[in-house]
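# Structural description and commentary
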Amino acid sequence: MLGLIQPLQQLRRRTPLGWLQLSHDKGRMLVAVAGIAFADVLMFMQLGFQNALYTSNTRLHQALQTDLVLIHPQARNLINLSSFPRRRLYQAMNVPGVKSAEPLYVKIANWKNPETRRETSLMVVGFNPNRPAFALPEVNQNLSAIKLPDTVLFDRASRGDYQGTIAQIDRGKAVKAEVERRTINVSGLFTVGASFAADGILMTSDQNYLRLFARQNAASVNAGLIQLQPGADPVEVQQVLKAYLPPDVKVLTKQEFIDFEKNYWAKNTAIGFVFNLGVAMGFVVGVIIVYQVLSTDVSDHMGEYATFKAMGYRNVYLLGIVFEEALILSVLGFLPGVGVSFGLYSLTRQATNLPLYMTLLRAFIVLLLNVIMCTISGAIATRKLQAADPADMF
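As the structure is a computational prediction, the values presented were derived from the model and not from experiment. (Residues numbered from 1 in each chain as written. Predicted model: local features only at pLDDT ≥ 70, side-chain atom pairs only at ≥ 80, totals over all residues. Heavy atoms only, no water.)

### Details of the pattern of salt bridges
As enumerated under the stated definition, the model contains seven salt bridges in all. Through salt bridges with shared partners, one network takes in Glu 138, Arg 156 and Asp 170. (Salt bridge = Lys/Arg side-chain N within 4 Å of Asp/Glu carboxyl O.)

Have a look at this one:
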């Protein structure tokens, strides 16, 4: 205990030279803090958009009531699933442990806003209403409604102006709309949310889906939802299905289906790369800004550092002063950065309906990147300090 108290007492008696040097030129310090805050905001926004990309495009996957998913080997993501023969579902039913195998249809369609008459893209999802496919209470309460011809449920969290439409449906009145140039009735609401792939979602029965998309072959499906018997091991049944079914289908667990979607957006689209590049750019911008500030500070006080050397202080002590300045700047820049990001998250969420929220983990990641960023800048700036010579004071 004594060994811990003594270093703390020494630290308390230590003169905070790093803070004194920074606060001596308050204008320069404010510019540095603003620059670091800007870099932090850039990293916060890119990480936030990246998380919103993955979250918004997998919310429907998360809500699926299934243990295994069948998809075509050439499928790219949820809205580009391709098709495979429906008989694969009947074949899957022969495997021990399989309780049910139901079709799922997904397609992007042109939707005409009932209020503005403007066209936009919505995701249309069709499934067997006798076998609820999603753990969405609002959808499951309206399964009888979507059995009616040309009847759908609308995502109240869709991106766009739908206040009047939502209010009318809430009052129990059906709203007529147009999808793929076909008039439909919107008789219920549910909540999932917009994504980067579509402005919203329409849920309907598999039969209504086939009416909307006449080119969809009734003998083909986009995906198969397989529920297992209680106690069945999903991994074991998955291996049996892989061996039993022809190679024109892939068998994924629910988590693998979610990861399949994330990998598509992260690796097969430009948008995933752009967000990663934005984080890297924010980091580099921060390094450059902090380096410029610390480098100028070291140059302005080169005589003082040389004097310290002449008095017998080692390079380690002098380098500690620069790193102290770097850490102080990292903390001071992080605080306004996280505050501004909170506001931008809220503004973006209201404008786009994307799930953009501040999390403790993301704040910790940016703070850690911030400290590393300032430490790297301090390490580069101390190269000048290594050359400080007592002769420089004359």
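### Here's the deal with the side chain of Asn 208
Take Asn 208: it is sitting in helix H8 (residues 206–212). For Asn 208, a relative accessible area of 2% corresponds to the buried category. One polar contact links the side chain of Asn 208 to the main-chain amide nitrogen of Asp 150, over a distance of 2.7 Å. Looking at Asn 208, its side chain comes within polar contact range of the main-chain oxygen of Thr 151, at 3.3 Å. Discounting residues that sit within four places of it in the chain, Asn 208 has contacts with Ile 146, Leu 148, Pro 149, Asp 150 and Thr 151. (Helix = DSSP H or I, 4+ residues; strand = E, 2+ residues; numbered from the N terminus. Buried < 20%, exposed > 50% of the residue type's maximum accessible area, 1.4 Å probe, protein only. Polar contact = N/O pair within 3.5 Å; in protein donor to acceptor, adjacent residues only side chain to side chain. Contact = heavy atoms within 4.5 Å.)

### Here's the deal with the layout of surface pockets
In this model, the largest pocket occupies a volume close to 220 Å³. What lines the largest pocket is a set of 17 residues, and nearest its centre among them are Val 106, Lys 107, Tyr 209, Phe 213 and Gln 216. Those elements giving two or more residues to the lining of the largest pocket turn out to be strand E3 (98–112) and H8. The element best represented in the lining of the largest pocket is E3, accounting for three residues. Across the lining of the largest pocket, the residue classes tally to nine nonpolar, five polar and three charged. (1 Å grid on protein atoms, 1.4 Å probe; cavity = no way out; pocket = protein on both sides within 12 Å on 5 of 7 lines; lining within 4 Å. Points joined across faces, edges and corners; volume = space filled by probe spheres on them. Nonpolar A, V, L, I, M, F, W, Y, C, P; charged D, E, K, R; others polar.)

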